Amino acid sequence: MAAARARSAALGRPLLLTLTILTFACDACRQVTLHVPSRLDAEKFVGRVNLEECFKSANLIYSSDPDFQVLEDGSVYTTHAVHLSSETRGFTILLFNTESQEEKKISVFLEDQTMEPKETHSKEIVLKRAKRRWAPIPCSMVENSLGPFPLFLQQIQSDAAQNYTIYYSIRGPGVDKEPLNLFYVERDTGNLFCTGSVDREQYESFEITAFATTPDGYTPEYPLPLLIKVEDENDNAPVFTETTYVFTVFENCRVGSTVGQVCATDADEPDTMHTRLQYSVLLQLPSSPTLFAIHPATGVITTTSSQLDRELMDKFQLTIKVQDMNGQYFGLQSTATCIINIGDVNDNLPIFTRTSYVTSVQENTVDVEILRVTVEDKDLINTPNWRANYTILNGNGNGNFKIVTDPKTNEGVLCVVKPLNYEEKQQVTLQIGVVNEAPYSRDGIKSAMSTATVTINIKDQDEGPECSPPVQTVRIKENLPSGTKSNGYKAYDPETRSGGSLRYKKLSDPKGWVTVDENSGSITLSRSLDREAETIRNSIYNITVLASDNDGRTCTGTLGIVIEDVNDNGPSIPKNTVIICKTTKFSADVVAVDPDEPTNGSPFEFSLDSSNSEVRNRWRLTKINDTAARLSYQNDPPFGSYVVPVRVQDRLGLSTVTSLTVHLCDCITESDCKIRSSERTGGGEVKLGTWAILAILLGIALLFCILFTLVCGVSRSTKQLKVLPDDLAQQNLIVSNTEAPGDDKVYSTNGLTTHAVGTSAQGVCGTLETGVKTGGQEATEMVRVGHQTLDRGRGTGYHQTLDPCRAGYVETDNCRYNYSEWHSYTQSRLGEKVQQCYQDDDHQHAPDYVLTYNYEGKGSAAGSVGCCSDRQEEDGLEFLENLEPKFRTLAEACTRR
């Protein structure tokens, strides 16, 4: 027995039971057996019953045992923890279909697996269907009831009372929930009572649940939901949302314009007569005329007249009433106050208090107030409807006056902004108008501007002399002799319109060129005028003159003396130093200027102002335009500085001579030019700098090294008959970056390098330029060492003779060689050197010993192959066997004899 219980406990741990439904063929909807442990937890699945064997659908499903509940799919769950005993062994599932009025039951047996099968017990409860069912019964009560209490409400009964003893009970709000103990039911009769009055505004209804059970705890009926509704009484008066409403409506608005809306609330039951409200106006202050109405249902206040005038009444007060029961006399009511402010619009024009004004003002005064005008406006003060804008309509053609608004008083202030002249006009009449800032808005009435007339009398003032115009001019030719007289500055007295009584005085004269006559203001030259003076701008010389009357009143004017030009300046060349880089240029441009006016200036004529034939043979002037000419050398003058006098003549024949200093330099740009010798007119000495002497010495040393190397090579060739030197591999494997011929083509002649014409190479004495292209012909240079001549080529420089015994002293050598002479000179000596170079046993030169490197083109897979010499057996070129394909091709070419 103990072993069986232990086995049962092990099976009950998951709390998920095995459901075995035993369906009998004769009574499939009557009996179900569920195997469960002796202890079941709350809300645990017990098993499932096939309800479809009884009904396809059941409207009501009920378990006779409160410890278990059945869902619509037949699932059985515990409602709370259950301990099975001999008395709790089963329950009945009652199924009922309200449509077919059919009732079926299922007996469920709980078999405890911990007990022996013989100890299985069952309990079956069978309920028979009655003719009537347990159903909700409508119930209500009136709020604020006066009793007597307890107050009977109704009786609830169950049809099961015909067969069983039924006990009734209730739960819910008013019973075991707030408000507690308001309702109770008699257990045996089902009579429902209320113990006190209820306020509907606090509790609109109560939803309680009624239960019918047998004395042994069986519940034959479902719990009955019972709604107890509290009937409303009109015990709450309507209340306005605000005690005082404030609205604004503009004057002159149309009839029916909305002013505002009032609103009230009622706590009684909605949509009943208790909450059906009606609005009305009880009182209007002032009472007459009646201008406002209120909609009885919505509370919207509107105007009933278009005669609202803020200027007559700017505020109204209404007493508003609201009453429920749709306004019936027995309905509850309340009141509120409504204040309606009348908004201002510009319906009143500003009007001048006077139609005409008279005032006066002194002449020549400015920025003074001469008159204030006032207006009347009934609109609201300090608003755009009240503020005035003044304007001058007529009489201010010269702009002497302006009128503005005083923001504090709203007055129009008339001011003089431009001085008046009594001598021109003694009286001025103005027409002024006024409007508001806001536009006029009176319906049906066209706005009209209010106007007024202002008469202004101009008072005479004793004025001083008047300098008008303040700047006067007079024209005088330059270079006139001192003492020459001319008109001067003229002022006048505005009273007499003449200047006879005025006195003149010179205030400023920068150069002291003139004097001013005290009585007439005319001027006299104290010095000759010079239009080309530094301080003269635009040919005008200004002086300042003071004019005064007998009373000491003064005015100041400016006299501008326009100096007329005469041809007193010849053209000249401002830049008297010229640099010509002979390597790049053969000429320079010179520009002449003339300080005189163009009528006395260009076009200019340029010429050499020298009778020296050497100057004329060496230099030439060519006119470029009206003001410039080109100075060029001819007959190849040597480097140095020269003085070239140039005469420039203007269009009227006036001329000047400018001595130009011309530097002929061996340079590229003018900034590179350094004067190598002093000014010269023929063959002068050439002075070399320190770096030039050092370059010459280094060149001589390098030349000796080359000659020494050649001598050693010749002597070696007589002793050894080897075709290739020992370092053949190092001479043949030479990196060549550029094989194609360019502008600088190099021809190797075993120690003697020749550069193409127009290039430079490192020669014996520093950098040696080998020649320039001139006119399509090539000129070359020839270098002589020791007492030989350095020939720089024709047209590119002068000749120098280097004498080692004279420490760098340079003399010019006029010797020249053309290309044929250079060719005959070099070929004979080059042939001698070649004869001494490498030859084979038959005294034949290697086929590629003297070779011009030209562009080889494309197509060779191994690249370009240069010059190679024959290979001797003892040269040791085994390393060529392991070279890359390019170099292997080169090695094969080099090993051929």
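Everything numeric in this text was worked out from a predicted model, so none of it was measured.

Trainee: Which parts of the structure should I look at to understand the overall build of the protein chain?
Mentor: Check the secondary structure of the protein chain and you find six helices and 58 strands. Expressed as a percentage of the 897 residues in the protein chain, the buried residues total 38%. When the accessible surface of the protein chain is totalled, it reaches about 51300 Å², and 50% of it is carbon and sulfur.

Trainee: What should I look at first to understand the environment of Ser107 in this one?
Mentor: Residue position: Ser107 is located in strand β9 (residues 102-112). On the basis of relative accessibility, which here comes to 3%, the residue Ser107 falls in the buried class. Expressed as a C-alpha distance, the spacing of Ser107 and Thr33, which sit 74 residues apart in the sequence, is 8.4 Å.

Trainee: Explanation requested: the pairing of strand β47 (residues 640-649) in the structure shown.
Mentor: When a strand is regular, its side chains alternate between the sheet's two faces. With respect to burial, β47 is a largely interior element, seven of its ten residues being buried. Here ten bridges tie β47 to strand β48 (residues 655-665), and the two strands are oriented antiparallel to one another. What sits directly across from Val646, in β48, is Thr658. The turn joining β47 and β48, which pair antiparallel and follow one another in sequence, is formed by five residues; a positive phi near 95 degrees is taken by Gly653.

Trainee: Help me understand the pairing of strand β46 (residues 628-633) in this model?
Mentor: Most of β46 sits out of view: five of its six residues are buried. Of the pairings in the sheet, the one linking strand β45 (residues 619-623) to β46 comprises five bridges and is antiparallel in character. Looking across to β46, one finds that Trp619 is bridged to Tyr633. Counting the residues in the hairpin turn of β45 and β46 gives four residues.

Trainee: Sorry if this is basic, but what is going on with the sheet that holds strand β5 (residues 68-70) here?
Mentor: Paired through backbone hydrogen bonds, the strands of a sheet run either parallel or antiparallel to each other. Pairing within the open sheet is antiparallel, and its three strands lie in the order β3-β6-β5. Sheet topology places β3 (45-48) and β5 at the edges, where each strand pairs with a single neighbour. With direction set aside, neighbouring strand axes in the sheet form an average angle of 25 degrees. Bridge count for β5 against strand β6 (residues 75-78) is three bridges, and the pairing is antiparallel. Looking at the pairing, Phe68 lines up with Thr78 of β6.

Trainee: Is there a simple way to explain the state of the cysteines in this structure?
Mentor: Covalent bonding between the sulfur atoms of two cysteines defines a disulfide. Here the structure, examined in full by the defined rule, presents three disulfides. Residue pairing for Cys467: its cysteine sulfur links by disulfide to Cys555, the two sulfurs lying 2.0 Å apart. Around the S-S axis, the bridge from Cys467 to Cys555 shows a dihedral of about 75 degrees and counts as right-handed. Residue Cys467 is found in the loop between β34 (450-459) and β35 (471-477), and its partner Cys555 is found in strand β41 (residues 554-564); the two are separated by 88 residues along the sequence. Neither residue differs from the other here; Cys467 and Cys555 are each classed as buried. In this model Cys581 forms its disulfide with Cys667; the gap between the sulfur atoms is 2.1 Å. Disulfide Cys581-Cys667: torsion about the S-S bond near -95 degrees, hence left-handed. Residue Cys581 is located in strand β42 (residues 577-581), and its partner Cys667 is located in the loop between β48 and α3 (690-719); the two are separated by 86 residues in the primary sequence. Like Cys667, Cys581 is buried.

Trainee: Teacher, can you tell me more about the sheet that holds strand β43 (residues 587-591) here?
Mentor: The sheet built from three strands is open, its strands ordered β43-β46-β45 with antiparallel pairing. At either margin of the open sheet sits one strand with a lone partner, and together these are β43 and β45. Across the sheet, the mean angle separating the axes of adjacent strands is 25 degrees when strand polarity is ignored. Here β43 pairs with β46 via five bridges, running antiparallel. Bridge pairing in β46 links Val591 to Ala628.

Trainee: Looking at this structure, how should I read the side chain of Arg531?
Mentor: Position of Arg531 relative to the elements: it lies in the loop between β39 (523-525) and β40 (540-548). Within the local environment of Arg531, its side chain forms a polar contact with the backbone oxygen of Pro595, the two atoms lying 2.6 Å apart. The residues contacting Arg531, other than those within four sequence positions of it, are Glu478, Ile536, Ser539, Ile563, Glu564, Asp565, Pro595, Asp596 and Glu597.

Trainee: Where do I start with the packing of aromatic side chains in this structure?
Mentor: Here a ring pair, both rings aromatic, is described through the centre-centre distance and the interplanar angle of the planes. The tally for this structure, following the rule as stated, stands at twelve aromatic pairs. Aromatic side chains Phe183 and Phe206 sit 5.1 Å apart centroid to centroid with 70 degrees between the ring planes, which places their arrangement in the edge-to-face category. Of this pair, Phe183 sits in strand β13 (residues 183-185) while Phe206 sits in strand β15 (residues 205-213), and the two are 23 residues apart along the sequence. An identical accessibility class is assigned to Phe183 and Phe206; each is buried. Taking 6.3 Å as the distance between ring centres and 75 degrees as the angle between the ring planes, the aromatic pair formed by Phe240 and Tyr245 counts as edge-to-face. With a relative accessible area of 9%, Phe240 lands in the buried category. Ring-pair connections join several aromatic residues into one group, and the members of that group are Phe240, Tyr245, Phe247 and Tyr279.

Trainee: Before we go on, may I ask you to explain the environment of Asn252 in this structure?
Mentor: Assignment of secondary structure puts Asn252 in the loop between β18 (244-250) and β19 (258-261). Of the residues examined, Asn252 reaches a relative accessible area of 25% and is grouped as partly exposed. For the pair Asn252 and Ile342, spaced 90 residues apart in sequence, the C-alpha to C-alpha distance is 9.5 Å. A distance of 3.0 Å separates the side chain of Asn252 from the side chain of Asp347, its partner in a polar contact.

Trainee: Is there a simple way to think about the side chain of Glu221 in this case?
Mentor: With respect to the element layout, Glu221 can be found in the loop between β15 and β16 (224-231). Within the local environment of Glu221, its side chain forms a polar contact with the side chain of Ser158, the two groups lying 2.8 Å apart.

Trainee: It is not clear to me how a nonpolar patch on the surface should be interpreted in this structure. Could you clarify?
Mentor: A cluster of nonpolar side chains, namely Leu282, Leu283 and Leu285, defines an oily patch on the protein surface of about 270 Å² accessible area. Mapped onto the elements of the fold, Leu285 is located in strand β21 (residues 278-285).

Trainee: Help me understand the confidence of the model for the protein chain, please; the structure alone is not making it clear to me.
Mentor: Parts of the model with low pLDDT should not have their predicted coordinates read in detail. The share of residues in the protein chain with pLDDT of 70 or more is 68%, and the mean pLDDT across the chain is 75. Residue range residues 864-874 is modelled with pLDDT below 50. Its contacts to residues more than four positions away, or to other chains, number 38 contacts.

Trainee: Before we go on, may I ask you to explain the pattern of salt bridges in this structure?
Mentor: A side chain with one charge can pair with a side chain of the opposite charge if their charged atoms come near. Scanning the model with the defined rule gives 19 salt bridges in all. For Arg618, the salt bridge identified is with Glu614, shortest N-O distance 2.7 Å. Placement of both Arg618 and Glu614 in helix α2 (residues 613-618) is noted, with a separation of four residues, approximately one turn of the helix. You can call Arg618 buried: its relative accessible area is 14%. On the basis of relative accessibility, which here comes to 30%, the residue Glu614 falls in the partly exposed class. One connected set of salt bridges, linked through shared partners, spans Arg200, Glu201, Glu204 and Asp232.

Trainee: Would you mind going over unusual backbone geometry with me for this structure?
Mentor: The phi torsion of most residues other than glycine is negative, and most of the peptide bonds are trans. Look at the link from Gly147 to Pro148: it is a cis peptide, with omega at 5 degrees. Checked against the element boundaries, Pro148 lands in the loop between β10 (139-142) and β11 (151-155). The peptide bond linking Ser288 to Pro289 adopts the cis configuration, its omega dihedral lying at -5 degrees. The backbone of Asn181 shows a phi angle near 60 degrees, a positive value even though the residue is not glycine. For Asn181, the location among the structural elements is in the loop between β12 (167-171) and β13.

Trainee: Explain the environment of Val474 to me, please; I cannot follow it from the model alone.
Mentor: Relative to the elements of secondary structure, Val474 occurs in strand β35. Between the C-alpha atoms of Val474 and Gly560, which are 86 residues apart in sequence, the distance is 6.4 Å.

So, how was this worked out
- Residues numbered from 1 in each chain as written.
- Predicted model: local features only at pLDDT ≥ 70, side-chain atom pairs only at ≥ 80, totals over all residues.
- Heavy atoms only, no water.
- Helix = DSSP H or I, 4+ residues; strand = E, 2+ residues; numbered from the N terminus.
- Buried < 20%, exposed > 50% of the residue type's maximum accessible area, 1.4 Å probe, protein only.
- Areas by Shrake-Rupley, 256 points an atom, 1.4 Å probe, with all protein chains shown as cover.
- Pairing = 2+ DSSP bridges.
- Axes fitted to C-alpha atoms, helices over the stretch in contact; angles between N-to-C directions.
- Disulfide = S-S within 2.5 Å.
- Polar contact = N/O pair within 3.5 Å; in protein donor to acceptor, adjacent residues only side chain to side chain.
- Contact = heavy atoms within 4.5 Å.
- Phe/Tyr/Trp six-rings, centres within 6.5 Å; stacked < 30°, edge-to-face > 60°.
- Patch = residues over 30% accessible without salt bridge, like charges linked within 9 Å, V, L, I, M, F, W, Y side chains within 5 Å.
- Salt bridge = Lys/Arg side-chain N within 4 Å of Asp/Glu carboxyl O.
- pLDDT = per-residue confidence, 0-100.

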